[in-house]
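Coordinate inspection notes
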Amino acid sequence: MNSLIDKYNIPGPRYTSYPTVPYWDETTFSPEKWKNSVIRSFHETNAAEGISIYIHLPFCEALCTFCACHKRITKQHSVEIPYLESVLKEWKLYLGLFNEKPKLKELHLGGGTPTFFSPENLKTLLEGIFTTVDIAEHPEFSFEGHPNNTTREHLQTLYDLGFRRVSFGVQDYDPKVQKAINRIQPFENVKNVTEWAKEIGYRGISHDLVFGLPHQTWEAMEHTIRKTMELKPDRLAFYSYAHVPWVKGVGQRGFDENDLPSGEEKRRLYEDGKKLLQDLGYIEVGMDHFSLEHDDLYQSLIHKKLHRNFMGYTSSNTQLMVGLGMSAISDSWYAFAQNVKTVEDYQKTVEEGEIPVVKGHVLNEEDLMVRRHILNLMCQLETTFTPQNSFPELENALDMLQEMENDGLVEINGHEIKITEGGRAFTRNVAMVFDLRMMRNKPETRIFSMTI
């Protein structure tokens, strides 16, 4: 295993999209092309499957130094109402593109810290959206909750509005690790919010754990997992820490790189953590996710309905996902678009009556084919690949896949490529074989975290 880690532990994307953001071709993109792609996708799918909405709520009271998300650090809660008013104005601009009432299938509140906002203000935001849509028959509404500031009122208010899934960021219970990542979070806080959620009736409670954090040891990781098992969440995200200190604003310079586990140590955290989770009844779903057998995420895997997008793995799938808020990313299937990255620019653009996209990418036919293969690998751990018909330029893909088969990472059966149980940890590496855009333009500097 160590030799495989040495061989395959290279920088690589997490593939929440293809093409990945650094390889978007902005020369072919324009706000007008984005609007046209939204209209096309809406007309094709709204009546049948509906749409998804992602709302980025960027404010946090403190900077967690493991986080690579776009956020704004402030303790001034006076920012809440003006920001939410801008989100509703942006949504109104999208409504102007549609010729019928949207059917809302999926809604996610991400951050930042969504529970930075008061329950009353979140209710105002959501009711402002719900009055403009038809709710699908079995909607998937979810939000991210910070255990230190999520109140029972938050949970009850959002439950009453139709939310049934909540994800709590745990990371690690070791005090030394928590201090290094500036996330002091007692177990009692996590216990309280988890038990409240269960009492209220949430059926998809998730905990986020991160391996590879500074000063993290297997003993600390095992303690964190066993404490988590006392609360028995329905699902777990067991993420690899993405060390990208060169990205502006992430705050990942609060510790020395020497404080991070080595590649070998990090792989042990994952492998031993995965085994312990499986011994405790959790089933691995896709990459870095685990769930109990009753959970929707596992059921979607069994029925081959698992999907992956900018929100991570989801148990439902819509072709059109509208991202609202500062830095939010939208996906029409035919194009991607990202909003401006500061609160001030976002609010100013929306006030001027413009959808606040700042960059994007229009997918060509090749992109769409590659995207389908990468989605298949990330969600189903398999794909059917005929290079001479689909990708003449990817003749060497079979050579790379053959080498991976020799290393035990994949099985090749005719045109079928399947990631093995031992290859799950290298899923990102297998997907990279199909990444034509990165293959043609290998980065000269690091733009991705390490795959392991």
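A quick note: this is a predicted structure, and the numbers were derived from the prediction, not measured.

Reading guide: rules and limits
Residues numbered from 1 in each chain as written. Predicted model: local features only at pLDDT ≥ 70, side-chain atom pairs only at ≥ 80, totals over all residues. Heavy atoms only, no water. Domains from an automatic or database assignment. Contact = heavy atoms within 4.5 Å. Buried area = accessible area lost by both parts, 1.4 Å probe. Salt bridge = Lys/Arg side-chain N within 4 Å of Asp/Glu carboxyl O. Polar contact = N/O pair within 3.5 Å; in protein donor to acceptor, adjacent residues only side chain to side chain. Helix = DSSP H or I, 4+ residues; strand = E, 2+ residues; numbered from the N terminus. Nonpolar A, V, L, I, M, F, W, Y, C, P; charged D, E, K, R; others polar. Core = buried A, V, L, I, M, F, W, Y, C linked by side-chain atoms within 4.5 Å. Buried < 20%, exposed > 50% of the residue type's maximum accessible area, 1.4 Å probe, protein only. Phe/Tyr/Trp six-rings, centres within 6.5 Å; stacked < 30°, edge-to-face > 60°. Lys NZ or Arg CZ within 6 Å of the ring centre and 35° of its normal. Pairing = 2+ DSSP bridges. UniProt positions renumbered as here; feature names shortened; annotations may be inferred.

**Section: the domain arrangement of the protein chain**
Assigned domains within the protein chain: domain 1 (18–362) and domain 2 (365–440). The centre of domain 1, based on its C-alpha atoms, is set 27 Å off from the matching centre of domain 2. Facing the 25 residues of domain 1 at the interface are 20 residues of domain 2. Of all residues in domain 1, Tyr-18, Tyr-23 and Trp-333 bury the most surface against domain 2, accounting for 39% of the area lost on that side. Run the count over domain 1 and domain 2 and you get four salt bridges. Our count for the contact surface shared by domain 1 and domain 2 stands at seven residue pairs in polar contact (both at pLDDT 80 or more). Taken together, the elements giving at least two residues each to the side of domain 1 that touches domain 2 come down to helix H9 (263–279), strand E9 (283–285), strand E11 (307–309) and strand E16 (357–362). Broken down by element, the residue count for the side of domain 1 that touches domain 2 peaks at five residues, all from H9. The residue makeup of the side of domain 1 that touches domain 2, split by class, is 12 nonpolar, four polar and nine charged.

**Structural notes on the environment of Ser-41**
Note that Ser-41 resides in helix H2 (residues 31–45). Along the chain, Ser-41 and Ser-332 lie 291 residues apart, while their C-alpha atoms are 5.9 Å from each other. Each residue touching Ser-41, except ones within four places of it in the same chain, is listed here: Asn-46, Gln-319, Leu-320 and Ser-332. Here Ser-332 takes part through its backbone oxygen, which lies 3.0 Å from a polar atom of the side chain of Ser-41.

**Quick notes on the nonpolar core**
Counting 58 residues, the largest nonpolar core has Tyr-15, Phe-238, Leu-277, Ile-374, Leu-401, Met-404 and Phe-434 as the members making the most contacts within it. Sorting elements by how many residues they give to this core places helix H12 (residues 365–380) first, with six residues. By size, the runner-up hydrophobic cluster in this structure holds 52 residues, among which are Trp-34, Phe-98, Phe-116 and Phe-117.

**Section: the packing of aromatic side chains**
This model, assessed by the stated rule, comprises 19 aromatic pairs. Relative to Phe-336, the ring of Trp-24 has its centre 5.7 Å away and its plane inclined at 10°; by these criteria the two rings are stacked. A residue pair is termed long-range when its members are at least 10 positions apart, and Trp-24 in the loop between helix H1 (2–8) and H2 and Phe-336 in strand E15 (residues 335–339) qualify at 312 residues. Taking 5.7 Å as the distance between ring centres and 40° as the angle between the ring planes, the aromatic pair formed by Tyr-83 and Tyr-346 counts as tilted. Within this pair, whereas Tyr-83 is found in helix H3 (residues 80–95), its partner Tyr-346 is found in helix H11 (residues 343–351), the two being separated by 263 residues in sequence. Overall, the relative accessible area of 0% leaves Tyr-83 in the buried class. Note on Tyr-346: relative accessible area 0%, which makes it buried. Feature note: the residues Phe-130, Phe-141, Phe-143, Tyr-159, Phe-163 and Tyr-202 constitute an aromatic cluster, connected by ring pairs. Across the ring face of Phe-187, the terminal group of Lys-227 is positioned such that the distance to the ring centre comes to 4.2 Å. Taking NZ or CZ as reference, Arg-308 lies 4.6 Å from the ring centre of Tyr-313, over its face.

**Considerations on the pairing of strand E19 (residues 416–419)**
Of the two faces of E19, the one holding Ile-417 and Ile-419 is buried and the one holding Glu-416 and Lys-418 is not buried anywhere. One ladder, built from three bridges, connects strand E17 (residues 382–384) with E19; its direction is antiparallel. Bridge assignment links Glu-382 to a residue of E19, and that residue is Lys-418. Pairing between strand E18 (residues 410–413) and E19: four bridges, direction antiparallel. What sits directly across from Ile-412, in E19, is Ile-417. Joining the antiparallel neighbours E18 and E19 is a turn of two residues, in which Gly-414 adopts a positive phi near 65°.

**A short note on the UniProt feature "binding site: S-adenosyl-L-methionine 2" (unreviewed entry) in the protein chain**
Per the UniProt record, "binding site: S-adenosyl-L-methionine 2" (unreviewed entry) is annotated on Phe-66, Cys-67, Ala-68, Gly-112, Thr-113, Gln-171, Arg-183, Asp-208 and Ala-242. Topologically, Cys-67 is positioned in the loop between strand E2 (59–60) and strand E3 (72–73).

**Concerning the side chain of Ser-118**
Considering the arrangement of structural elements, one finds Ser-118 in the loop between strand E4 (103–111) and helix H4 (119–130). Among the polar contacts made by the side chain of Ser-118, one reaches the main-chain amide nitrogen of Asn-121 at a distance of 3.1 Å. In contact with Ser-118, not counting residues within four places along its chain, are Glu-80 and His-154.

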